[in-house]
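Structure at a glance
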Amino acid sequence: HVRGAFTGATDDRVGYFEKAGQGTLFLDEIGEMPLSLQAKILRVLQEKEIQRVGDSSARPVEARIIAATNQNLAKMVKERRFREDLFYRLNVVPIEVPPLRMRREDIPLLAQYFVKRFCEELASPSKQIAPQVMKVLKQYHWPGNVRVLENVIKRAIVLSPGSTILQEV
């Protein structure tokens, strides 16, 4: 929005499309987006321009869009809960990422990445995952996918007293 567009608009504010510039804008959980907002996103994608609230001129946008969802958008289109035109505008190069339980070989790499990340973020000494714990992680069903693995590892970093994450944690 531009300054003065509404009560409380004390400064100009750049939106996500404009901030992305010629880079990439990631739209997460697009399947949760209300139809009214879908129409606005579609307009930006078709016209390749935005107009700030309170501004009379349009600004070009060139960002590449990556959209993600855990919903079946084709089914949502049939149920009229997702705009068909937006679906086809976004569905240029679909990439399906199987759930974590279908790619168990990724679990050790992800777990080690999260251990390293959270040890750094939490200023914790370096830790490693005991082999028996890794075995349990690889066998788990992971209903919440990578986010649940991330939370489990963070909890283990916080709760494990030693340098090795054991099953008792």
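To be clear, the structure that these remarks concern was listed above.
If you're wondering where the values come from, they're calculated on a predicted model, not measured in any experiment.

Check the secondary structure of the protein and you find 7 helices and 6 strands. Going from the N terminus to the C terminus, the protein shows its helices and strands as α-β-α-β-β-β-α-α-α-β-α-α-β. With the C-alpha coordinates of the protein rotated into their principal frame, the extents come out at 60 × 40 × 25 Å. A fraction of 68% describes how many contacts in the protein between residues 6 or more apart in sequence connect residues 24 or more apart.

So, about helix H6 (residues 131-139). Turning to H6, its buried residues number three or more, namely Val133, Met134 and Leu137. All buried residues of H6 lie within an arc of 100 degrees about the axis, which places them on one face of the element. Facing away from the buried side of H6, by more than 90 degrees, are the exposed residues Pro131, Lys135 and Gln139. Residues of H6 that are buried in the fold lie against helix H5 (107-121), strand S5 (128-129), helix H7 (146-159) and strand S6 (164-165).

Direction vectors running N to C along H5 and H7 enclose 45 degrees, while the axes themselves pass 9 Å from each other. Our classification of the angle between H5 and H7 gives oblique. Between H5 and H7 the crossing geometry is right-handed. Residue-level contacts link Ile107, Leu110, Ala111, Phe114, Val115, Arg117, Phe118 and Cys119 of H5 to Val146, Leu149, Glu150, Ile153, Lys154 and Ile157 of H7. A per-class count over the contact of H5 with H7 returns 11 nonpolar, no polar and 3 charged.

With that settled, consider the packing of H5 against H6. Taken N-terminus to C-terminus, the directions of H5 and H6 make an angle of 120 degrees; their axes are 10 Å apart at the nearest point. Here H6 runs oblique to H5, going by the angle between their axes. In the packing of H5 onto H6, the handedness of the crossing is right-handed. Facing H5, whose interface residues are Ile107, Pro108, Ala111 and Gln112, H6 presents Met134, Leu137 and Lys138. Counted by class, the contact of H5 with H6 contains 5 nonpolar, 1 polar and 1 charged residues.

On to the pairing of strand S1 (residues 24-27), then. Residues Leu25 and Leu27 of S1 are buried on one face, while the alternating residues Thr24 and Phe26, pointing to the opposite face, are not. Relative to strand S4 (residues 64-67), S1 is paired through 4 bridges, and the arrangement is parallel. Along S4, the bridge assignment pairs Thr24 with Arg64.

Okay, the pattern of salt bridges next. Scanning the model with the defined rule gives 13 salt bridges in all. A salt bridge links Arg52 to Asp12, with the shortest nitrogen-to-oxygen separation between them at 3.8 Å. You can see Arg52 sitting in the loop between strand S2 (49-50) and strand S3 (59-60) and its partner Asp12 sitting in the segment before helix H1 (16-20), a full 40 residues away along the chain. Since its relative accessible area comes to 48%, Asp12 is described here as partly exposed. For Arg147, the salt bridge goes to Asp28, with nearest N and O atoms at 3.3 Å. Taken as a pair, Arg147 in helix H7 and Asp28 in the loop between S1 and helix H2 (35-47) lie far apart in primary sequence, 119 residues in all. In this structure, a network of salt bridges that share partners links the residues Asp12, Glu18, Arg52, Asp55 and Arg59.

Definitions and limits used
- Residues numbered from 1 in each chain as written.
- Predicted model: local features only at pLDDT ≥ 70, side-chain atom pairs only at ≥ 80, totals over all residues.
- Heavy atoms only, no water.
- Helix = DSSP H or I, 4+ residues; strand = E, 2+ residues; numbered from the N terminus.
- Contact = heavy atoms within 4.5 Å.
- Buried < 20%, exposed > 50% of the residue type's maximum accessible area, 1.4 Å probe, protein only.
- Arc of directions from axis to C-beta.
- Axes fitted to C-alpha atoms, helices over the stretch in contact; angles between N-to-C directions.
- Parallel < 35°, antiparallel > 145°, perpendicular 65-115°, else oblique.
- Left-handed = near helix turned anticlockwise from the far one by under 90°.
- Nonpolar A, V, L, I, M, F, W, Y, C, P; charged D, E, K, R; others polar.
- Pairing = 2+ DSSP bridges.
- Salt bridge = Lys/Arg side-chain N within 4 Å of Asp/Glu carboxyl O.

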